[in-house]
Amino acid sequence: MQRFRTVEPLEYYRRFLKENCRPDGRELGEFRTTTVNIGSISTADGSALVKLGNTTVICGVKAEFAVPPTDAPGKGCGVFLSVPNVDLPPLCSSRFHSGPPGEEAQVASQFIADVIENSQIIQKEDLCISSGKLAWVLYCDLICLDYDGNILDACTFALLAALKNVQLPEVSINEETSLAEVNLKKKSFLNIRTHPVATSFAVFDDTLLIVDPTGEEERLATGTLTVVMEEEGRLSCLHKPGGNGLTGAKLQDCMSRAVTKHKEVKTLMDEVIKSMKPK
Amino acid sequence: MSLPGHTKCRTEYIRPKTALLRKIRGSRSRALPDRALVNCQYSSATFSTGERKRRPHGDRKSCEMGLQLRQTFEAAILTQLHPRSQIDIYVQPLRGVVSLQVLQADGGTYAACVNAATLAVLDAGIPMRDFVCACSAGFVDGTALADLSHVEEAAGGPQLALALLPASGQIALLEMDARLHEDHLEWVLEAAAQAARDVHTLLDRVVRQHVHEASILLGD
């Protein structure tokens, strides 16, 4: 059976899909077990580790000072309020080589940047310390430790969980020296306005949609689709990088599944954060 | 010798968490005809230190660490069994010390990297001569200390990083900086060696347990 899987992977998969299930025992619309661990990296201002089945992504957020650009000092205290970076190092999968970031890493980084921008997780004003002079910049670094498909969902979740964990100290500008004074004793959480949750699908043979593809399924799929949903069914971002076409009805189907996923993820995150509160 | 001669040993590796991958990949241009090429890369996460590191790859410390790891593992891996192939070891510490200056020798990181790499190489099934267990040691206030914490390292005393092949007692790598009187060297070396042997006991137990569990799963 294993030999058949290696020699004819697509046929192997088709046999399972005909029975409406997948080799790892999941149904077509079932997600893998998700585990979240928040706040494990003490050197980062906020961190989270997310595991979607075998796919493992860790997100570390570090906050630094920056001078906002002079063209929009009042409205937005900084165009680059957050700088996300997704790193797919060779240790996560043999597909990646060491060296400058490959195509997939860059696409993932841009996707995360789009999610942050579109869903306005954080208001620019919240990161402003002194209008026109000083603002916070959040460097969000996501590292994939194990690649088994569905990297975008894991990254989005890790980013959200890490941002919820970030605590920024109070900063005041000394009038005389015009230097920033940081009060490390007084820290406050970020004001997270929305909770975007990504749900990825893989398309098989032009018609069949499966949710949360593993690495092998992604390789065999003819197309992929990622839907980013916020609260109350608000669509934040839709990412369909080519692949074969989808009908409007199928797209609606995907979106309703994304709404369900959003509820599940939000519940999980609230549980984890509640369990950390006594700290 | 008028030294108290007692050593303090602490075997908690709270600092770097490392994740590794190792694979054999044919690399034709640099392939050696009679043995495998060992390639180690060290890259720390940008959030792993107090100040965000802007260049996690290719800087001096990463290159030096990669080279030290390579030299350590070339001594331990039976490279003759895999000619014309390449073994890649990638190490990624996720959490480091709170404030790390670039020029500061970090024996603790090196030790954690080596121990994690040993487990990973064993997990990959690459044949090794022996476990490679490492530990750092130092000399503070007339006492030899094993497994230095960040505070102890910052105290400025001599520091020693030791990688040991426990069964034969052979030293794979030994690196020391700052001045130390030769009379004290034996104590410090013994402290590091004892700690490394303790690590070996731990690693051995973990590996055996893992194999035991895996064989149960396969048996089913």
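Since the model is a prediction, treat every value here as computed from it, not as a measurement.

**Q** Describe the overall build of chain A, naming the residues involved and giving the relevant values.
**A** When helices and strands are tallied, chain A shows six helices and 12 strands. The C-alpha radius of gyration computed for chain A amounts to 21 Å, which stays within 12% of the reference 19 Å derived for 279 residues, consistent with globular compactness. The dimensions of chain A, computed from C-alpha atoms along their principal axes, are 75 × 40 × 35 Å. Per-residue burial for chain A yields a buried fraction of 48% across its 279 residues. In chain A, the proportion of contacts linking residues at least 24 apart, taken out of those at least 6 apart, comes to 66%. As presented, chain A carries roughly 13,500 Å² of accessible surface, and 51% of it is formed by carbon and sulfur atoms. If the 30 positive side-chain charges of chain A are averaged to one point and the 37 negative ones to another, these points end up 3 Å apart.

**Q** Account for the nonpolar core, naming residues and giving values.
**A** Judged by nonpolar contacts, the single largest core of 53 residues is most densely connected at Leu88, Leu138, Leu142, Leu163 and Leu190 of chain A. The element best represented in this core is helix α4 (residues 151-165) of chain A, accounting for 11 residues. Look past the residues within four positions of leucine 138 of chain A in its chain and what remains in contact with it is Val61, Lys62, Ala63, Leu81, Ser82, Val83, Ile122, Leu127, Leu163, Leu168 and Leu190 of chain A. Cys40, Ile77, Ile87 and Ile126 of chain B belong to the second largest nonpolar core, which has 26 residues in total.

**Q** Quick rundown of the packing of helix α3 (residues 103-119) of chain A against α4 of chain A? Include the residues and the values.
**A** Residues and elements named next belong to chain A. For the pair α3 and α4, the least separation of the axes is 11 Å and the interaxial angle reads 45 degrees. The pairing of α3 with α4 is recorded here as oblique in orientation. Handedness of the crossing formed by α3 with α4: right-handed. Mapping the contact onto sequence places Ala108, Phe111, Ile112, Val115 and Ile116 in α3 and Leu152, Cys155, Thr156 and Leu159 in α4. Among the residues making up the contact of α3 with α4, the classes are represented as eight nonpolar, one polar and no charged.

**Q** Outline the pairing of strand β7 (residues 159-165) of chain B, listing residues and values.
**A** Residues and elements named next belong to chain B. Summarising burial for β7: seven of the seven residues are buried, a large majority. Because side chains alternate across β7, one face comprises the buried residues Gln159, Ala161, Ala163 and Leu165, and the other comprises Leu160, Leu162 and Leu164, equally buried. Bridging between strand β5 (residues 133-140) and β7 involves six bridges; their strand directions are antiparallel. Paired with cysteine 133 across the two strands is leucine 164, which belongs to β7. Relative to strand β8 (residues 170-177), β7 runs antiparallel, the two being bridged by seven bridges. Within the sheet, the bridge partner assigned to leucine 165 lies in β8 and is glutamine 170. In this structure, the hairpin formed by β7 and β8 is closed by a connection of four residues, where glycine 169 is found at a positive phi of approximately 75 degrees.

**Q** Give me the lowdown on α4 of chain A, citing residues and values where you can.
**A** End to end, α4 of chain A covers 21 Å across 15 residues, agreeing with the expected 21 Å (1.5 Å per residue, within 8%). The element α4 of chain A is extensively covered by neighbouring structure, given that 14 of its 15 residues are classed as buried.

**Q** I'd like to hear about the pairing of strand β2 (residues 46-52) of chain A, residue by residue, with values.
**A** Remark: a regular strand shows side chains that alternate across the two faces of the sheet. All names here are of chain A. The buried fraction of β2 amounts to five of the seven residues, a majority that puts the element mostly inside the structure. Pairing geometry for strand β1 (residues 34-38) and β2, over five bridges, is antiparallel. Along β2, the bridge assignment pairs threonine 35 with lysine 51. In terms of strand pairing, β2 meets strand β3 (residues 55-66) through seven bridges, oriented antiparallel. Note on β3: the bridge partner recorded for alanine 48 is cysteine 59. Remark: two residues form the turn of the hairpin made by β2 and β3, two consecutive strands paired antiparallel; glycine 53 in that turn has positive phi of roughly 70 degrees.

**Q** How would you summarise the pattern of salt bridges if you had to cite specific residues and measurements?
**A** All names here are of chain A. As enumerated under the stated definition, the model contains 16 salt bridges over all chains in all. Between arginine 14 and glutamate 11 there is a salt bridge, and its shortest N-O distance comes to 3.0 Å. Here arginine 14 and its partner glutamate 11 are both found in helix α2 (residues 9-18), three residues apart, which amounts to about one turn of the helix. Look at glutamate 11 and you get partly exposed, because its relative accessible area is 31%. Measuring nitrogen to oxygen at the nearest pair gives 3.4 Å for the salt bridge that ties lysine 261 to aspartate 153. A residue pair is termed long-range when its members are at least 10 positions apart, and lysine 261 in helix α6 (residues 248-276) and aspartate 153 in helix α4 qualify at 108 residues. The class of lysine 261 is buried, set by a relative accessible area of 6%. What emerges from the salt-bridge pattern is a single network uniting Arg22, Asp24, Arg26, Arg32, Asp148, Asp212 and Glu217.

**Q** I'd like a rundown of unusual backbone geometry, residues and numbers included.
**A** All names here are of chain A. Backbone geometry at asparagine 20 places phi at a positive 60 degrees, although glycine is not the residue there. Summarising the element assignment, asparagine 20 is placed in the loop between α2 and β1. Phi angles above zero are rare outside glycine, and aspartate 212 is one such case at about 55 degrees. Relative to the assigned elements, aspartate 212 resides in the loop between β10 (208-211) and α5 (215-220).

Definitions and limits used
Numbers given to residues run from 1 along each chain, matching the order in which its sequence is written. Chain labels run from A onward and ligand labels from 1 onward, assigned in the order the entries are written. Local features in a predicted model are, by the rule used here, given only for residues with pLDDT of at least 70; side-chain atom pairs are given and counted only at 80 or more, and totals for whole chains, interfaces and linings are based on all residues. Hydrogen atoms and water are omitted, and side-chain values are computed over all heavy atoms in the structure. Strands are runs of DSSP state E lasting at least two residues, helices are runs of H or I lasting at least four, and both sets are numbered from the N terminus onward. Here the globule rule reads 2.2 Å times residues to the power 0.38, and the radius of gyration is calculated from C-alpha atoms. Per-residue accessibility, obtained with a 1.4 Å probe over protein chains only, is compared with the maximum for each type, and a residue is labelled buried under 20%, exposed over 50%, and partly exposed between these values. Whether two residues touch is decided by their heavy atoms; if any such pair falls within 4.5 Å, the residues are in contact. Values of accessible area rely on a 1.4 Å probe in the Shrake-Rupley scheme; residue burial ignores everything except the protein chains shown. Positive charge is attributed to Lys and Arg, negative charge to Asp and Glu, and no charge count is given to His or to the chain ends. A charged residue contributes its charge at one atom only: NZ of Lys, CZ of Arg, CG of Asp or CD of Glu. Side-chain atoms within 4.5 Å are what join buried Ala, Val, Leu, Ile, Met, Phe, Trp, Tyr and Cys residues into a set we call a nonpolar core. Angles shown run from 0 to 180 degrees and are taken between the N-to-C directions of axes, each axis being a line fitted to C-alpha atoms and, for helices, limited to the stretch in contact. For classification purposes, angles smaller than 35 degrees are called roughly parallel, those larger than 145 roughly antiparallel, those between 65 and 115 roughly perpendicular, and all remaining angles oblique. Here a crossing is called left-handed whenever its near helix is offset anticlockwise from the far helix by less than a right angle, and right-handed whenever the offset is clockwise. Amino acids are sorted into nonpolar (Ala, Val, Leu, Ile, Met, Phe, Trp, Tyr, Cys and Pro), charged (Asp, Glu, Lys and Arg) and polar (every other residue, Gly among them). Strands pair, by our definition, only if DSSP identifies at least two bridges between them. Here, expected helix span is obtained from the residue count minus one, scaled by 1.5 Å. The salt bridge definition used is simple: a Lys or Arg side-chain nitrogen within 4 Å of an Asp or Glu carboxyl oxygen.

Shape descriptors only; they carry no functional weight alone.
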